[in-house]
Amino acid sequence: MFFIDTIETEGLGNRSYLAGGAATAVVIDPPRDIDRVLAAAAVRGVRIAYVAETHVHNDYVTGGLDLARLTGARYLVPAAAAVSYARTSVADGDTVDVDGHLTLRAIATPGHTPHHTSYVLEENGRGVAVFTGGSLLIGSVGRPDLVEPRLTEQLARAQHASAHRLADQLDDEVPVLPTHGFGSFCSSSQAEGDTTTIGKERASNDAFTLDVDTFVARTLAGLEDVPAYYAHMGPANAAGPAPVDLTPPEPADAGQIARRLAAGEWVVDLRSRVAFADGHVAGSFNFEGEGKLATYLAWLIPWGKPVTLLAETPAQITAAQRELVRVGLDRPAAAATGGPADWVEPGQELASFPRADFAALAAARERGEPLVVLDVRRDSEHAKGHIAGAVHIPIHELHGRLGDVPDGTVWVHCAGGMRAAIAASLLAASGRRVIAVDAGLTVTRP
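A brief look at the structure comes next.

Here is what the cut-offs are and how they apply
- Residues numbered from 1 in each chain as written.
- Predicted model: local features only at pLDDT ≥ 70, side-chain atom pairs only at ≥ 80, totals over all residues.
- Heavy atoms only, no water.
- Core = buried A, V, L, I, M, F, W, Y, C linked by side-chain atoms within 4.5 Å.
- Buried < 20%, exposed > 50% of the residue type's maximum accessible area, 1.4 Å probe, protein only.
- Helix = DSSP H or I, 4+ residues; strand = E, 2+ residues; numbered from the N terminus.
- Contact = heavy atoms within 4.5 Å.
- Pairing = 2+ DSSP bridges.
- Axes fitted to C-alpha atoms, helices over the stretch in contact; angles between N-to-C directions.
- 1 Å grid on protein atoms, 1.4 Å probe; cavity = no way out; pocket = protein on both sides within 12 Å on 5 of 7 lines; lining within 4 Å.
- Points joined across faces, edges and corners; volume = space filled by probe spheres on them.
- Nonpolar A, V, L, I, M, F, W, Y, C, P; charged D, E, K, R; others polar.
- Phe/Tyr/Trp six-rings, centres within 6.5 Å; stacked < 30°, edge-to-face > 60°.
- Salt bridge = Lys/Arg side-chain N within 4 Å of Asp/Glu carboxyl O.

### With respect to the nonpolar core
Thought 1: Membership of the largest hydrophobic core comes to 52 residues, with the highest contact counts inside it found for Trp 266, Phe 287, Leu 297, Leu 309, Leu 374, Leu 398 and Val 412.
Thought 2: A total of 7 residues in this core trace back to one element, the largest contributor, which is helix 10 (residues 293-300).
Thought 3: Sequence-distant contacts of Leu 297, defined by excluding residues within four places in its chain, comprise Trp 266, Val 268, Phe 287, Leu 324 and Leu 329.
Thought 4: Leu 18, Val 27, Leu 67 and Val 83 belong to the second largest nonpolar core, which has 22 residues in total.

### Structural notes on the sheet that holds strand 12 (residues 266-269)
Strand pairing in a sheet relies on backbone hydrogen bonds, with the paired strands running either antiparallel or parallel.
Thought 1: The strand order across the open sheet formed by 4 strands is 13-12-14-15, and the pairing between neighbours is parallel. Two strands in the sheet have a free side with no partner beyond their single neighbour: strand 13 (285-286) and strand 15 (334-337).
Thought 2: Note that strand 12 and strand 13 share 2 bridges and pair parallel. Paired with Val 268 across the bridge in strand 13 is Phe 285.
Thought 3: Of the strands in this sheet, strand 14 (307-311) and strand 15 are in contact with helix 11 (residues 314-325), which crosses strand 14 at around 140°.

### Thoughts on the sheet that holds strand 6 (residues 88-90)
Thought 1: Reading across the sheet, the 6 strands line up as 1-2-3-4-5-6 and stay open at both edges, with mixed pairing between neighbours. The open sheet has two free edges, formed respectively by strand 1 (3-9) and strand 6, since each of these has just one partner strand. Mean inter-strand twist for the sheet, computed between neighbouring axes without regard to direction, equals 25°.
Thought 2: Examined bridge by bridge, strand 4 (residues 47-52) and strand 5 (residues 74-78) share 3 bridges and lie parallel to one another. Pairing of Tyr 50 across the sheet is with Arg 74, part of strand 5.

### So, the pairing of strand 9 (residues 117-123)
Thought 1: For strand 9, the tally of buried residues reaches 7 of 7 residues, placing the bulk of the element in the interior.
Thought 2: Neither face of strand 9 is open: one carries Thr 117, Tyr 119, Leu 121 and Glu 123, the other Ser 118, Val 120 and Glu 122, and all of them are buried.
Thought 3: Bridge count between strand 8 (residues 102-108) and strand 9: 7 bridges; the pairing is antiparallel. Bridge pairing in strand 9 links Thr 103 to Glu 122.
Thought 4: Both strand 9 and strand 10 (residues 126-133) contribute to a ladder of 5 bridges, which runs antiparallel. Its bridge partner being in strand 10, Leu 121 is matched across the sheet by Ala 129.
Thought 5: Linking strand 9 to strand 10, which pair antiparallel, is a turn of 2 residues; within it Asn 124 sits at a positive phi near 55°.

### Quick word on the layout of surface pockets
Thought 1: Space inside the second largest pocket adds up to approximately 300 Å³.
Thought 2: Looking at the lining of the second largest pocket, the element that brings in the most residues is helix 11, giving 5 residues.
Thought 3: Among the residues forming the lining of the second largest pocket, the class breakdown is 4 nonpolar, 5 polar and 6 charged.

### Here's the deal with the packing of aromatic side chains
Thought 1: All told, the structure shown has 8 aromatic pairs when counted by the stated rule.
Thought 2: Among the aromatic residues, ring-to-ring pairing joins Phe 185, Tyr 296 and Trp 299 into one connected group.

### Notes on the pattern of salt bridges
Thought 1: The final tally for this structure, using the stated rule, is 29 salt bridges.
Thought 2: With its nearest N and O atoms 2.8 Å apart, the salt bridge here joins Glu 381 to Arg 419. With Glu 381 in helix 13 (residues 379-383) and Arg 419 in helix 15 (residues 418-429), this pair connects stretches of sequence that are 38 residues apart.
Thought 3: Among the residues examined, Arg 419 registers a relative accessible area of 8% and is labelled buried.

Have a look at this one:
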């Protein structure tokens, strides 16, 4: 008998796996906060004998090296991956005995990276699951453009071949267990669904239903912008990440918050966008703790810029700190809890801005009010339909393009409200009059 436990990192759209038998187990693509993995192993009562990476990750900092050191596990890393630490190199066809009749077999699946490797879990020589990392995903494949622009088309072709290689070696009923594809920007496209098998992918995935030239053309045409922080993840993982430090950050009072803002540091308010709009520290930015905090804060903040976190409770600070270490934002400069009245010095007024819906925006336009409509969705979303006359600046570009927003009151929107709130806070901090459109958007192709 065997088990496979899924360890989700929802904010990044990734999954890690703990798989094994009665006594020992292997961990596939562990997150940086490895205490979750250790807890899962403790519940199962197993020893972690192996830690396996499918590739050098570009979207998060791995906990693999630290986990291997703490547990004494052998650290399996693809042989062609250029890393600077000791590891057990894995090549195509290599196997390790996990537990009893359980074996892990490596299959070279280049495409997401040149060295990408998938792992088949075999019981008595029969494949019972395949861990596909950033190769074959649910209804998609891992994007091929994160390594080197000159290699993108070559890697896209390799993705097509790797998918077929997996399908040729495995039965249709074998579960496909990818690392990416649950909202991760490492996926070349997003597909619905939570589970899949080789047979389901063979029937519906573009990698199987399209010829290689059409697949490559469609894949390359659908690629989104790469989050800016990805440039720092690969080097950190190749060098060997340091263990996480989740001790509480230095507490900040109102005076320190003011001084950090004056020094040009980022002060990030983790409260809901409704609470932030009602009242906040002038100059602070709103990244909801319940949103994709790690992705969007790491994408927008100048790398290395000190950040102070504001939240209602210490637990919210702790949760945010855990999310941020996963993408290399290791130590908040400081943190404060309570409410905005606690974060400003006596006599200092709180800032605020209105919220509205699309009906209010339409009414304002009908009245002829001088206003600017700012759409901060991604290019692909904008191409599917947008409000006529709106200025389009994707959220990840806005901080560097505030000067491109025309004069006037800015009504800023996204698809649901979260990104609009981030944008509204950036604009308000720069002195613009802003109204955050906090509603779902339904548009037709222009």
